[in-house]
Amino acid sequence: MKSSAPLIFAFIVGIIVLLSEFIPHSPFNEIVSTLEGWFMIISGFAILLGQISLIRMNTHKIVHKLDNWQYHLAGLISFGLMLALGLLWGMQETPGILGDATGIQAWLGQKPFDYLFENAYLPLSATLFSLLAFFIASAAYRAFIIRGLESNLLMITAIIVIIGRTSIGTMLTGWLPESLHFWHFPNLADFIMEFPNTAAQRAILISAGLGIVGSSLRIILGIERSYLGGDK
Amino acid sequence: MRKTLLSLLFLILIGLLMANTFSAKDSPWDNGKSIDLVWEISPMAIKVEICRQDADEPKRVLLTCSDPSGSFRDNELEPNNEYHYQLKAYFQDDDLTLSASAQTRAQWFYMGKLGFLLLLLLVCGAILYYIQAARHGKEFFIRRIAGLDSMEEAIGRATEKGKPILYVPGISDLDDIQTIASLTILSHLAERAAEYDTEIIVPCRFSMVLSAAKEVVREAYLKAGRLDAYKPDNVFYLTDDQFGFVAGIDGIMLRRKPAANFFMGSFYAESLILAETGFATGAIQTAGTAQAHQLPFFVVTCDYTLIGEELFAASAYLSKDPQQLGSLKGHDFGKLVIILLIILGVILEILETSNLKEFIAGAIS
Amino acid sequence: MKISVLAERRIIYLVLLIAVALPLLFPIGWKTEVSGYTQMAYDLIENTPENKVVIISFDYDPSTMTELQPMGEAMIEHAFKRDQKIIATALWPMGVQMAEQAFEKVLRDYPDKKRGLDYVNLGYKVGGMVTIQAMGRDLKEVYPNDTRNTPYDQIPLLANTRRLKDVAWVSSLSSGVPGLKEWMMVARDSYNVPVTGGCTAVSAPGFFPYVNEQRQLTGLLGGLKAASEYESLIGRLGSATTKMDAQSVAHLLILVFIALGNIKVFVAKKKKTTKTKAFIIKRRKSND
């Protein structure tokens, strides 16, 4: 019963949601909206589960002084600090348990939570995303090597798109007359993105879509159960 | 003479008045939330105004136009309610008011989605047929998927080196089918890792994924008869924050230097950061996603990449379960149907017939 | 001299850092050409009548703000210019602050725009696509109050906006899931509300197939370049325009790296061939 209950539940819910897509009559809409409500509530509570896991895992590493325990301590302190500041003095317009921290605001210029958000969290996050630029550069350096006809075509396309996506592309071909508008680098880049790229993307999307239909069907019918830790 | 002219004018006026019609009817094949309004009045009308007059709401003007005949669909109504409408037509020196009412009713089928339903039935029918055929002993061929074959190699390498395996189940929540597909792969991988007694680390971005992943890994260890080796703390939550999650994983890769990295599921802008860091640590890397736009990054930086549907086929491929393999045959049938539809659609569009497109697009518009 | 892979990577990073930093410190002021995708998004907002209520969803966090925040600011400014009423929502927790910052910046040029009358921030809701589906039925149910705890019914701009269907367009600025795709699947496909939006440059190719004849997406802003194009369309000299110089230089540098990579492989191949030839000749000689 323990293992079959989730399968029965998945089957019933899956069929109802599928039918509601085609049957506009009640009670299907009502049932689906109730199920959506459940999902939102469970998602909300699941956040708590994540926090518990976070605290447990980090505390374990700190207490047992496992490798690099200092990083886990830093993580835990940051988490606790942001949580405490948000709870005590709130953020932006929302007051906290101790009110609006007018004194601290006069000194810092904003609430402590907002101060840390803008001056620590924000630059740290932006820095991490910026790493992408460096990784793209090193990956491009390795990837676009001419080995044959296909890699040659790939490199030519890449060069057109790269130039077309910059202001230099506009400058390089901006002098071309209006009748040759298509040959402007930005337009060539747009053409590559709009047609060959989109065609390939659609092919992958369609086959992935069919894969989704098949997987969903297997899950609804209980053929696929390894996501539950089951035996198939 | 004057009398005759007056009677003629009177007759014309009566005729014009008789032609004025305004009707309201529940829209067919819908969810009972709309009413179709149709009117036909004298062409001499200068302006036409249609209002909805509900008992508990102020009069609401729905449409103002100058068309003497036309139709309008009043949407977003409540099902099983009576609605009253008023049409006011303005003439040169007179105006005319017509009323109509109708009750909304929900039907048992969305006719606009018929094309969608037929396609779905065809594909699902084919999948079910092949599953049934597999149950009756028919064998199906599945082509080699290098990315999945590499799993053994990756686990072997990790075991040799005594290093852990890192498994990232994407950055989506459990409502994304890619995450579910990823968990099914995790199940097989964790079982093999348990057999080889190799540590597997699974960082999760969402709590729902965390609880599912924990269960999957635990069951895999149980199935391998190595529950004693299962470390619940190796499946953990990092953060909901997209790049915070990436920073955490990068940290794990640089500090613990896993021998094999698996990135399976839905990935976005962070894919290259993850895979390039893994490349720098020298790990054997396998990625799989249905996010077509992230595939180039994985292809460049990973040793093996599962492209699109291969991610969904992984469970069938790894388990070699005939029923699951049968369902893959069903996908192929679906592909064939779509290829034929595309060819047919192109031919029809060239012939300037868009019936097929409209029939299928009914699901969207 | 042989350079290790690690050293090679470090050199690339250093050169790139310098190349990106210089144009940021000393802007060049290069112009960009407006693409069809950006124009389509612009036209949607431009052609929406005034006083219509619209949704801008901030579905990202600070990490991608370099690319997405200028789009948010430009779209807010454009909607304000057209006297449209903005509802800001967020499917990502940090999106709330992103929205607040964007409004704060644009309001400096539009001091007459009032919270509650011209714009409102309804905040973050967990659930992704399910939340959007619920918004399709009843906005108030999903957002009983705004981020300042003002009840839904007391916000004047929401007086006639009860569900998704009542908004003129939706724009999702998205860096992952949930985001633009979910909005498109629900708001456009189920409720027929025009959906536009923006995403990071690396995710843009994945969204292009949806800018199609069905108008699943009405235009798309893909990355910083599109943001700068949008800024030029509304006549705003924003951060995207200034950052575009740095991006252009970085792209050029990547081209140089690609060329260097090829030269390196070519030289290595040539060396190998010469060595092999020398080896064969040597063997032949010794055999003779």
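Please read these numbers as outputs of a predicted model, since none were measured by experiment.

### Re the overall build of chain B
Looking only at helices and strands, chain B features 11 helices and 13 strands. For 365 residues, the compact-globule formula gives about 21 Å, and the C-alpha radius of gyration of chain B, at 32 Å, lies well above that figure. Considering only C-alpha atoms, chain B reaches an extent of 115 × 45 × 35 Å along its principal axes. For chain B, the proportion of its 365 residues judged to be buried stands at 43%. Of the contacts made within chain B by residues no fewer than 6 positions apart, 67% connect residues no fewer than 24 positions apart.

### With respect to the overall build of chain C
Looking only at helices and strands, chain C features 10 helices and six strands. In terms of overall dimensions, chain C is more spread out than a globule: its C-alpha atoms have a radius of gyration of 25 Å, far above the 19 Å expected for 288 residues. Expressed along its principal axes, the backbone C-alpha trace of chain C runs to roughly 100 × 40 × 35 Å. Sorting the 288 residues of chain C into buried and exposed places 55% on the buried side.

### Let's talk about the domain arrangement of chain C
Segmentation of chain C into domains returns domain 1 (5–24 + 247–287) and domain 2 (31–237). Placing the centre of domain 1 of chain C and that of domain 2 of chain C at their C-alpha centroids yields a distance of 45 Å.

### Observations concerning the environment of Leu119(B)
All names here are of chain B. Structurally, Leu119 can be placed in helix α2 (residues 114–135). The exposure class assigned to Leu119 is partly exposed, which follows from the 17 C-beta atoms found within 10 Å. Remark: the alpha-carbon pair of Leu119 and Glu199, spanning 80 residues in sequence, is separated by 45 Å.

### Description of helix α10 (residues 239–287) of chain C
For α10(C), built from 49 residues, the straight-helix expectation of 72 Å at 1.5 Å per residue is met to within 8% by its first-to-last C-alpha distance of 72 Å. Remark: the principal bend of α10(C), roughly 25°, maps to Asp245(C).

### Looking at the interface of chain B and chain A
Taken together, the contact pairs 65 residues of chain B with 52 residues of chain A. Sorting elements by how many residues they give to the side of chain B that touches chain A places helix α5 (residues 207–223) of chain B first, with 11 residues. Classifying every residue of the side of chain B that touches chain A by side-chain character gives 34 nonpolar, 19 polar and 12 charged.

### With respect to the sheet that holds strand β5 (residues 69–74) of chain B
All names here are of chain B. Pairing within the open sheet is antiparallel, and its three strands lie in the order β1-β2-β5. The two strands at the open ends of the sheet, each matched to only one other strand, are β1 (21–26) and β5. If you compare each strand with its neighbour and ignore which way they point, the axes differ by 15° on average. Sheet topology places β1 next to strand β2 (residues 35–40); six bridges connect them, and they run antiparallel. In the sheet register, Ala24 faces β2, and the bridge partner there is Leu37.

### Looking at the pairing of strand β6 (residues 82–90) of chain B
Residue and element names in this part refer to chain B. Of the two faces of β6, the one lined by Tyr83, Tyr85, Leu87 and Ala89 is fully buried and the one lined by Glu82, His84, Gln86, Lys88 and Tyr90 carries no buried residue. Here strand β3 (residues 47–52) pairs with β6 via six bridges, running antiparallel. Residue pairing in the sheet places Lys47 in a bridge with Tyr90 of β6. By the bridge criterion, nine bridges tie β6 to strand β7 (residues 95–103) in an arrangement that is antiparallel. Looking at β7, one finds that Ala89 is bridged to Leu96. Joining the antiparallel neighbours β6 and β7 is a turn of four residues.

### Comments concerning the nonpolar core
Among the nonpolar cores identified, the biggest contains 199 residues, and Ile165(B), Tyr167(B), Leu186(B), Ala190(B), Ala213(B), Val217(B) and Ala187(C) are the most heavily contacted of them. With 11 residues, helix α5 (residues 112–143) of chain A is the largest single contributor of residues to this core. With near-sequence residues (within four places) excluded, Leu186(B) lies in contact with Tyr167(B), Pro169(B), Val202(B), Ala213(B), Val216(B) and Val217(B). Grouped together as the second largest cluster of nonpolar side chains are 15 residues, Ala24(B), Ile35(B), Leu77(B) and Ala89(B) included.

### Notes on the domain arrangement of chain B
Interface size is commonly expressed as the accessible surface area that is lost when the partners come together. Domain boundaries assigned for chain B yield domain 1 (2–103), domain 2 (111–129 + 324–361) and domain 3 (140–320). Centre-to-centre, using C-alpha coordinates, domain 1 of chain B lies 63 Å away from domain 3 of chain B.

### Remarks on the confidence of the model for chain C
When the pLDDT values of chain C are averaged, the result is 91; 100% of them are 70 or greater. Both confidence scores are given for the complex: pTM 0.81, ipTM 0.84.

### Notes on the interface of chain C and chain A
Opposite the 48 residues of chain C that make contact, chain A presents 46 residues. Listed by contribution, the elements that provide at least two residues to the side of chain C that touches chain A are α1 (5–25), α3 (65–81), α4 (95–107), α5 (129–137), α8 (204–207) and α10 of chain C. Of the residues forming the side of chain C that touches chain A, the biggest block, 14 residues, is contributed by α10(C). By residue class, the composition of the side of chain C that touches chain A is 22 nonpolar, 17 polar and nine charged.

### Digging into the pairing of strand β8 (residues 165–168) of chain B
Residue and element names in this part refer to chain B. Side chains of β8 alternate between two faces, with Ile165 and Tyr167 and Leu166 and Val168 buried alike. Examined bridge by bridge, β8 and strand β9 (residues 200–204) share two bridges and lie parallel to one another. Bridging from a neighbouring strand, Ile165 pairs with Ile200 of β9. For the handedness criterion, the β-α-β arrangement of β8, helix α4 (residues 177–196) and β9 is classed as right-handed. Inspection of the sheet shows β8 paired to strand β11 (residues 260–264) by four bridges, in the parallel sense. Counted as the bridge partner of Tyr167 is Phe262 from β11.

### A word on the sheet that holds β9(B)
Residues and elements named next belong to chain B. The sheet built from six strands is open, its strands ordered β10-β9-β8-β11-β12-β13 with parallel pairing. Bordering the open sheet on either side are β10 (235–237) and β13 (304–307), each of which pairs with just one other strand. Each strand of the sheet is rotated relative to its neighbour by a mean of 15°, with strand direction disregarded. Both strand β12 (residues 284–289) and β13 contribute to a ladder of four bridges, which runs parallel. Looking across to β13, one finds that Thr289 is bridged to Ile307. Sitting on the sheet, helix α3 (residues 146–161) touches β8, β11, β12 and β13, and the angle it makes with β12 is about 145°. Sitting on the sheet, helix α6 (residues 242–256) touches β8, β9 and β11, and the angle it makes with β9 is about 165°.

Reading guide: rules and limits
Residues numbered from 1 in each chain as written. Chains lettered and ligands numbered in written order. Predicted model: local features only at pLDDT ≥ 70, side-chain atom pairs only at ≥ 80, totals over all residues. Helix = DSSP H or I, 4+ residues; strand = E, 2+ residues; numbered from the N terminus. Rg over C-alpha atoms; globule rule 2.2 N^0.38 Å. Buried ≥ 20, exposed ≤ 12 C-beta atoms within 10 Å, placed from the backbone. Contact = placed C-beta atoms within 7 Å. Domains from an automatic or database assignment. Expected span 1.5 Å × (residues − 1). Bend = angle between axes of the 7 residues up to and from the residue. Nonpolar A, V, L, I, M, F, W, Y, C, P; charged D, E, K, R; others polar. Pairing = 2+ DSSP bridges. Axes fitted to C-alpha atoms, helices over the stretch in contact; angles between N-to-C directions. Core = buried A, V, L, I, M, F, W, Y, C linked by C-beta atoms within 7 Å. pLDDT = per-residue confidence, 0-100. Right-handed = clockwise from strand over helix to strand, strands pointing away.

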